[in-house]
Amino acid sequence: MLDFLNSIWATLPDPLRNQLEGYATGFWQVLPQLVLSVVFLVFVWAVAKVLSWVLPKMLRRARMRRALVDVVMMLAIVGLWLFGVLIAVTIAFPTITPGRALTALGVGGVAIGFAFKDVFENFLAGVLLLIREPFSIDDYIDCENIEGQVEEITIRDTHVRQTDGQLVVAPNAMFFKNPVTIRTAKDVRRTTIICGVAYGEDVDAAREIIAKAVRDVDSVRDDVRDVEIFAQEFADSAINFEITWWTGSRPLDIRSSRDKVVAAVKRALDEAGVEIPFPYRTMTFKEPLSILGKDAENKDAAA
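Just so you know, these numbers come straight off a predicted model, no measurement behind them. (Residues numbered from 1 in each chain as written. Predicted model: local features only at pLDDT ≥ 70, side-chain atom pairs only at ≥ 80, totals over all residues. Heavy atoms only, no water.)

**Details of the side chain of Asn172**
Along the chain, the position of Asn172 falls in helix α6 (residues 172-177). Judged by relative accessible area, Asn172 falls into the buried class, the value being 0%. Side-chain polar atoms of Asn172 contact the backbone oxygen of Arg156, separated by 3.1 Å. Other than its neighbours up to four places away in sequence, Asn172 contacts Asn122, Ala125, Gly126, Leu129, Thr154, Ile155, Arg156, Asp157 and Thr158. (Helix = DSSP H or I, 4+ residues; strand = E, 2+ residues; numbered from the N terminus. Buried < 20%, exposed > 50% of the residue type's maximum accessible area, 1.4 Å probe, protein only. Polar contact = N/O pair within 3.5 Å; in protein donor to acceptor, adjacent residues only side chain to side chain. Contact = heavy atoms within 4.5 Å.)

Shown next as structure tokens:
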């Protein structure tokens, strides 16, 4: 095998052999420096492992919120690796100074930034969301027709579990650039239903009956704000009341409270004999209408 390789080597042109010999000589000269740079990178990896174990405990002990801890950890690890790779390159290739390496990194960073614009946009939006924390884990939010509970906020995207059980993974830039409704920003939220009573009923008496029925519902938080009931409009078949009260802010709290309030108001109005009317229709005709039975009798009498 060695003889075969020597025969091939002998057939190569002198310029090519000289170039390959130069590569081999240069490799053996640089090999100790390459080994040293690899050892240094292993040392950086070990430091990053220790830092990822110690730093979160220190930040949590300082009562820093979870989102900010993740951001600080990410920036510390990324900065450490950038510094470590820069030093490793200068160890392996002494002709490359830190200044030249930073210049090359800056030019390459511009090119990479244009190529991965959306990725970096979502990355920066994720960092700002984690620092500012306009909403947090377990909050119910609504943004661009995505409504549900926040399960996870990462550097790139946010995981939202919709009320029907489906998981939506949306880019952070969407939540950063568009209005976000945070439905659980407070413990209580206002909700409203419309209830109509017949025109023949006493409006003030009906209002009192509805108010008492709503206040007696256990999910109504009248300790926060009192129940509000207003006669809203003269509808086609009834006088409509707008019934407003405060309850829990979660979607399930809203639906459950509405269910109880509707049942309580219906029961109270029925017991008081107040009519909740069906739609009425009044028909007016310009010409008198003949009744078929009377017309037939008149024809028989005439015969």
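Next comes the rest of the account.
**Describing unusual backbone geometry**
The phi dihedral of Glu133 is positive, around 50°, even though this residue is not glycine. With respect to the element layout, Glu133 can be found in the loop between α5 (117-132) and β1 (140-143). For Glu133, a relative accessible area of 29% corresponds to the partly exposed category.

**Here's the deal with the sheet that holds strand β8 (residues 239-248)**
Sheet architecture is open: three strands sit in the order β6-β8-β7, paired in antiparallel fashion. Strand pairing shows two members of the sheet lacking a second neighbour, β6 (188-197) and β7 (228-234), which therefore form its edges. Each adjacent strand pair in this sheet contributes to an overall mean axis angle of 25°, direction not counted. Where β6 meets β8, 10 bridges bridge the pair, whose relative direction is antiparallel. When the sheet's bridge partners are listed, Val188 is paired in β8 with Gly248. (Pairing = 2+ DSSP bridges. Axes fitted to C-alpha atoms, helices over the stretch in contact; angles between N-to-C directions.)

**Remarks on the confidence of the model for the protein**
Residues with a pLDDT of 70 or more make up 77% of the protein, whose mean pLDDT is 81. When pLDDT is averaged over each element of the protein, β8 comes out on top at 96 and helix α9 (residues 292-302) at the bottom at 54. (pLDDT = per-residue confidence, 0-100.)

**Notes on a nonpolar patch on the surface**
Side chains of Val38, Val42, Trp45, Trp81, Val85, Val89 and Phe93 sit close together on the surface and give an oily, nonpolar patch of about 610 Å² of accessible area. Mapped onto the nonpolar patch, the elements with two or more residues apiece are α2 (14-61) and α3 (66-92). Mapping Val85 onto the fold places it in helix α3. By relative accessible area, which is 40% here, Val85 ends up partly exposed. (Patch = residues over 30% accessible without salt bridge, like charges linked within 9 Å, V, L, I, M, F, W, Y side chains within 5 Å. Areas by Shrake-Rupley, 256 points an atom, 1.4 Å probe, with all protein chains shown as cover. Salt bridge = Lys/Arg side-chain N within 4 Å of Asp/Glu carboxyl O.)

**Re the pattern of salt bridges**
In the structure shown here, the tally under the stated rule is 11 salt bridges. With a closest N to O distance of 3.0 Å, Arg183 and Glu147 form a salt bridge. You can see Arg183 sitting in the loop between β5 (181-182) and β6 and its partner Glu147 sitting in strand β2 (residues 146-153), a full 36 residues away along the chain. One salt bridge connects Arg207 with Asp204, and the closest N-O pair in it is separated by 2.8 Å. Here the residue Arg207 and the residue Asp204 both occupy positions in helix α7 (residues 203-215), the gap between them amounting to three residues, near one helical turn. Each of the salt bridges in this network shares a partner with another, and the network as a whole consists of Asp142, Glu147 and Arg183.

**Re the nonpolar core**
Residues Ile210, Val214, Ile243, Trp245, Val261 and Val265 are the most contacted members of the largest nonpolar core, which totals 22 residues. Every element with two or more residues in this core is listed here: β6, α7, β8 and α8 (251-272). (Core = buried A, V, L, I, M, F, W, Y, C linked by side-chain atoms within 4.5 Å.)

**With respect to the pairing of β7**
Every regular strand shows the same layout, with side chains that alternate between the two sheet faces. The pairing of β7 with β8 spans six bridges and is classified as antiparallel. The residue of β8 that forms the bridge with Phe234 is Ile239. A loop of four residues connects β7 with β8, the two strands running antiparallel in sequence.

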